[in-house]
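# Working through the structure, step by step
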Amino acid sequence: MAHRSKILDCTIRDGGLVNNWDFSVEFVQDLYNGLSEAGVEYMEIGYKNSARLLKATEPNPWRFLDDNFLKEIIPEKKFTKLSALVDIGRVDSNDILPREQSVLDMIRVACYIREVDKGLELVQMFHDLGYETSLNIMALSSVPEHQLIEAFELVKKSPVDVVYIVDSFGSLDPADIEHQVKKFQAMIPNKQLGVHTHNNMQLAFANTITAIRNGVTFLDSSVYGMGRAAGNCNTELLVSYIQKPSYEVKPVLGVIEKHMLDMRQKWEWGYIIPYMISGVLNEHPRVAMAYRNSEDRDKFVDFYEKVTSPEVAVTSASK
């Protein structure tokens, strides 16, 4: 099975949630070259959201990707294809060039289950412009079954290439992943599947392997696990683990050695106790992230008591 898999590295896009996309051009170029040498199929170079719609005050090239800027950064494409992610309501159709005029190959649409219809409208537009497309349905661990069934009726008819199982809160285990994959395969047998895991419970790699074994082809990962809060499945682990002659881990190790040890000193991500707690409780990591930015960052017992006290449980249930 594994030889069919494709790794999509989202270090810049998901890692940007850790450091507010404070990546140097040199790092992004070194990452792109390293991933190309490593045989990684895709690199997500940021968000293609609209600065105007998000009323952004500061320019951020990786959060609001511009095609002219991209052409300067990546003047010649190598092995690795480029993707960008968009969010519902944050993308301006006037910002999207036809694929043959763009450096991007794939545009992925992130949405919650209640917005699948809007997500698929965007997918249709990107598909018509020539891009590969994916639909990444977030926060799956809390979606009622009947909503899934309705949503998938629409997905089945759409031109979307890949549908992602996203473990937004890092709360799923391998048995859950297997269950989700089988459910997706039964409901949308005509689509390729992808998986996006988080490492709150140290299961990102195990969950990704489980997905591979069950026929999922698109695997999200990031170098050194860099991603929001607990981070993602590690690119270097997948490249080493999957038996595919084109994969070579050494260039990825080079990127970590040259850039990411320093980054890890400056910014925090990975398996950290408040993130573990939010994963175990199937909660969004935003509360834990705020806590890690406060004076009390290491008061784990206090954090645990806060998030498990009844009044907190009530507010989070109603969100």
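Residues numbered from 1 in each chain as written. Predicted model: local features only at pLDDT ≥ 70, side-chain atom pairs only at ≥ 80, totals over all residues. Heavy atoms only, no water.

Within an unreviewed UniProt entry, the label attached to the chain reads Aldolase catalytic domain-containing protein, and the organism entered is Ectobacillus funiculus. Reading the Catalytic activity (unreviewed entry) entry of the UniProt record for the chain gives the comment "pyruvate + acetyl-CoA + H2O = (3R)-citramalate + CoA + H(+)". A UniProt comment under Pathway (unreviewed entry) is attached to the chain, and it reads "Amino-acid biosynthesis." (UniProt positions renumbered as here; feature names shortened; annotations may be inferred.)

## A look at helix 2 (residues 25-38)
The terminal C-alpha atoms of helix 2 lie 20 Å apart, and with 14 residues this matches the ideal 20 Å at 1.5 Å per residue to within 8%. Note on helix 2: the residue one or two positions beyond its end, Gly-39, has a positive phi of about 85 degrees. (Helix = DSSP H or I, 4+ residues; strand = E, 2+ residues; numbered from the N terminus. Expected span 1.5 Å × (residues − 1).)

## Looking at the nonpolar core
Nonpolar side chains tend to gather and get buried jointly when the protein is soluble and globular. Ile-45 and Leu-135 are the most contacted members of the largest nonpolar core, which has 78 residues in total. With six residues, helix 2 is the single largest residue contributor to this core. Ignoring any residue separated from it by four or fewer positions in sequence, one finds Leu-135 in contact with Val-109, Cys-111, Val-116, Gly-119, Leu-120, Val-123, Val-155, Val-160, Val-162, Val-163 and Tyr-164. Counting nine residues, the second largest nonpolar core, distinct from the first, contains Ala-229, Tyr-291, Phe-303 and Val-307. (Core = buried A, V, L, I, M, F, W, Y, C linked by side-chain atoms within 4.5 Å. Buried < 20%, exposed > 50% of the residue type's maximum accessible area, 1.4 Å probe, protein only. Contact = heavy atoms within 4.5 Å.)

## Re the sheet that holds strand 8 (residues 218-221)
Overall, parallel pairing links the eight strands, which are arranged 1-2-3-4-5-6-7-8 in a closed barrel. For this sheet, the mean angle separating the axes of adjacent strands, direction not counted, is 25 degrees. Of the strand pairs in this sheet, strand 1 (residues 6-9) and strand 8 are connected by four bridges, and their pairing is parallel. Across the sheet, residue Ile-7 finds its bridge partner in strand 8, namely Leu-219. The sheet contacts of helix 1 (residues 11-19) involve strand 1, strand 2 (42-47), strand 3 (81-87), strand 4 (106-111), strand 7 (192-196) and strand 8, and relative to strand 2 the element is tilted by about 40 degrees. (Pairing = 2+ DSSP bridges. Axes fitted to C-alpha atoms, helices over the stretch in contact; angles between N-to-C directions.)

## Overview of the pattern of salt bridges
Two side chains carrying opposite charge are able to pair once their charged atoms lie near each other. Per the counting criterion, the structure on display carries 21 salt bridges. In this structure, Arg-13 engages Asp-14 in a salt bridge whose closest nitrogen and oxygen atoms are separated by 4.0 Å. Overall, the relative accessible area of 2% leaves Asp-14 in the buried class. Of the charged contacts, one joins Lys-182 and Glu-178 as a salt bridge, the two residues approaching to 2.7 Å between their closest N and O atoms. With Lys-182 and Glu-178 both in helix 6 (residues 174-187), this residue pair falls four residues apart, about one helical turn. Residue Lys-182 is classed as partly exposed on the basis of its relative accessible area, which comes to 45%. We classify Glu-178 as partly exposed; its relative accessible area is 31%. Counted as one network, the salt bridges with shared partners bring together Arg-13, Asp-14, Glu-44, Arg-108 and Asp-220. (Salt bridge = Lys/Arg side-chain N within 4 Å of Asp/Glu carboxyl O.)

## Considerations on the environment of Gly-170
Inspection of the secondary structure assignment puts Gly-170 in the loop between strand 6 (162-166) and helix 6. Counting along the chain gives 52 residues from Gly-170 to Ser-222, while the straight-line C-alpha distance between them is 15 Å. Non-local contacts of Gly-170, meaning those with residues more than four positions away in its chain, are made with His-198, Asn-200, Met-201 and Gly-279.

## Side note on the pairing of strand 6
Most of strand 6 sits out of view: five of its five residues are buried. Side-chain alternation along strand 6 places Val-162, Tyr-164 and Val-166 on one buried face and Val-163 and Ile-165 on a second face that is also buried. Summarising the sheet, strand 5 (residues 132-137) and strand 6 pair through four bridges and their orientation is parallel. Within strand 6, the residue paired with Asn-136 across the bridge is Tyr-164. Note: strand 6 against strand 7, five bridges, orientation parallel. By the bridge assignment, Tyr-164 is partnered in strand 7 with Gly-194. Traced from strand 6 through helix 6 to strand 7, the parallel crossover comes out right-handed. (Right-handed = clockwise from strand over helix to strand, strands pointing away.)

## A short note on the packing of helix 2 against helix 9 (residues 250-266)
At a closest axis distance of 8 Å, the pairing of helix 2 and helix 9 adopts a crossing angle of 155 degrees. Taken together, the axes of helix 2 and helix 9 lie roughly antiparallel to each other. Two packed elements cross with a definite hand, and for helix 2 against helix 9 that hand is left-handed. Contacts between helix 2 and helix 9 pair Glu-26, Phe-27, Asp-30, Leu-31, Gly-34, Glu-37 and Ala-38 from the former with Pro-251, Val-252, Val-255, Lys-258, His-259, Met-260 and Met-263 from the latter. (Parallel < 35°, antiparallel > 145°, perpendicular 65-115°, else oblique. Left-handed = near helix turned anticlockwise from the far one by under 90°.)

## Details of the state of the cysteines
Tallied over the entire structure, the rule returns zero disulfides. Between Cys-111, a free cysteine, and Cys-10, which holds the nearest cysteine sulfur, the sulfur-to-sulfur gap is 17 Å. Judged by relative accessible area, which is 0%, Cys-111 ranks as buried. There is no disulfide at Cys-233, and the cysteine sulfur nearest it, in Cys-10, is 9.7 Å away. (Disulfide = S-S within 2.5 Å.)

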